[in-house]
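Descriptive analysis of the structure
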Amino acid sequence: MSTMLPHDWFPRPLPANVVLGERSWCYSSFSCSHYRSQRPCGVRVGHDSGIYHGTFFDLGPDGEVEIGNYATVVGAIISTNARVVIGDYAFISHEVVLADSFAAQPFAEQSATETRNISVPTTTNIQLAKNCWIGARAVLISGAFVGEGAIVGAAAVVDFTVPPYAIVAGNPARIVGSVK
């Protein structure tokens, strides 16, 4: 069943396979204007989380996003046809991009004659552990795994495993410090 957001200015409901947890906030169903996930649950947001202005879910047919509890996503673009996991208490700042590759491209539409097995789980493409912070305009592409408590600096480009509590910055990103 599709959900209309009571405060929404956009005249469409959230897609039926988007689940918002208790007391979670989504600024508008406009965030799903490029949403094409055919997964049973394409986006799942935990409780007490916020999806704020400028955030977009540009998901292909196999795209799936899981956002934990008490997480904050402010104006990020999540462009995937795989799986993105964002942990509890994570903070994603303005204009962050989480994407399958460095080059944006439209996802292929499925024709009516093609059959799909949507019960097969997708691989986790990008994962952010709990309590991590992602700075403004950072880019995380396929293969990025940000460990617990890690900080990704503004405009950093990450496609590797960031150890827990590490601070990374630069393009390409490199470890520049630690929060412990």
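The residue numbering used here restarts from 1 in each chain and proceeds along that chain's sequence as written. Thresholds applied to this predicted model are a pLDDT of at least 70 for local features of residues and 80 or more for the giving and counting of side-chain atom pairs; totals over whole chains, interfaces and linings are not thresholded and use all residues. Processing note: side-chain calculations cover all non-hydrogen atoms of the structure and skip hydrogens and water entirely.

Focus: the overall build of the protein
Scanning the protein for helices and strands turns up zero helices and 20 strands. Scored against the burial criterion, the 180 residues of the protein give a buried share of 44%. Contact definition: two residues touch when any of their heavy atoms are within 4.5 Å. By sequence separation, contacts in the protein at least 24 residues apart represent 31% of the contacts at least 6 residues apart. Element-wise, carbon and sulfur atoms account for 58% of the exposed surface of the protein, whose accessible area totals about 9,100 Å². For helices the rule is a DSSP run of H or I covering at least 4 residues; for strands it is a run of E covering at least 2, with both sets numbered from the N terminus onward. The buried label applies to any residue whose accessible area, calculated with a 1.4 Å probe on protein chains only, is under 20% of its type's maximum; exposed applies above 50%, and partly exposed to all values in between. Per-residue and other accessible areas were derived by the Shrake-Rupley procedure at a 1.4 Å probe size, with only the shown protein chains allowed to occlude residues.

Some details on the sheet that holds strand β3 (residues 43–45)
Ordered by their spatial adjacency, seven strands build an open sheet running β1-β3-β6-β9-β12-β15-β18, and the pairing between neighbours is parallel. Each end of this open sheet is capped by a strand with a single partner; those strands are β1 (18–20) and β18 (161–162). Strand pairing is defined by DSSP finding a minimum of two bridges between the two strands. Bridge analysis of strand β15 (residues 145–146) against β18 gives two bridges, and the strand direction is parallel. When the sheet's bridge partners are listed, valine 146 is paired in β18 with valine 162.

Overview of the nonpolar core
Buried residues of nine kinds, namely Ala, Val, Leu, Ile, Met, Phe, Trp, Tyr and Cys, make up a nonpolar core once their side-chain atoms join them within 4.5 Å. One finds Phe57, Ile67, Leu98, Leu128, Ile134, Leu140 and Val146 to be the most contacted residues of the largest nonpolar core, which totals 39 residues. For this core, the secondary-structure elements that each account for two or more residues are β3, β5 (56–59), β6 (64–67), β9 (83–86), β12 (124–128) and β19 (166–169). Beyond its immediate stretch of four places on either side in the chain, phenylalanine 57 contacts Ser31, Cys32, His34, Tyr35, Val43, Ile51, Val65, Ile67 and Ile78.

Concerning the side chain of serine 49
Structurally, serine 49 can be placed in the loop between β3 and β4 (50–52). Taking the relative accessible area as the measure of exposure, serine 49 reaches 3% and is therefore buried. Sequence-distant contacts of serine 49, that is, excluding residues within four places in its chain, are made with Arg23, Ser24, Trp25, Gly68, Asn69, Tyr70 and Ala71.

Describing the pairing of β19
Only one face of β19 is buried, namely the one carrying Ala166 and Val168, since none of Ile167 and Ala169 on the opposite face is buried. Relative to β19, strand β16 (residues 151–152) runs parallel, the two being bridged by two bridges. Note on β19: the bridge partner recorded for isoleucine 151 is isoleucine 167. Note: β19 against strand β20 (residues 174–178), four bridges, orientation antiparallel. Directly across from alanine 166, in β20, lies its bridge partner serine 178. Once β19 ends, the chain turns through four residues before running back antiparallel as β20, passing glycine 170 with a positive phi of about 105°.

Considering unusual backbone geometry
For residues other than glycine, phi is negative in most cases, and the peptide bonds are mostly trans. In this chain, asparagine 171 is followed by proline 172 through a cis amide linkage whose omega measures 0°. Locating proline 172 in the fold gives a position in the loop between β19 and β20. Phi angles above zero are rare outside glycine, and tyrosine 89 is one such case at about 65°. Relative to the helices and strands, tyrosine 89 is located in the loop between β9 and β10 (91–92). Residue classification places tyrosine 89 among the partly exposed positions, given a relative accessible area of 44%. The backbone of glutamate 95 sits at a positive phi, close to 60°, despite the residue not being glycine. For glutamate 95, the position within the fold is in the loop between β10 and β11 (97–99).

A short note on the sheet that holds strand β17 (residues 157–158)
Taken together, the five strands give an open sheet; going across it, the order is β5-β8-β11-β14-β17, and neighbouring strands pair in parallel fashion. Of all strands in the sheet, those bounded by a partner on one side alone are β5 and β17. The pairing of strand β8 (residues 77–80) with β11 spans three bridges and is parallel. Bridge pairing in β11 links isoleucine 78 to leucine 98.

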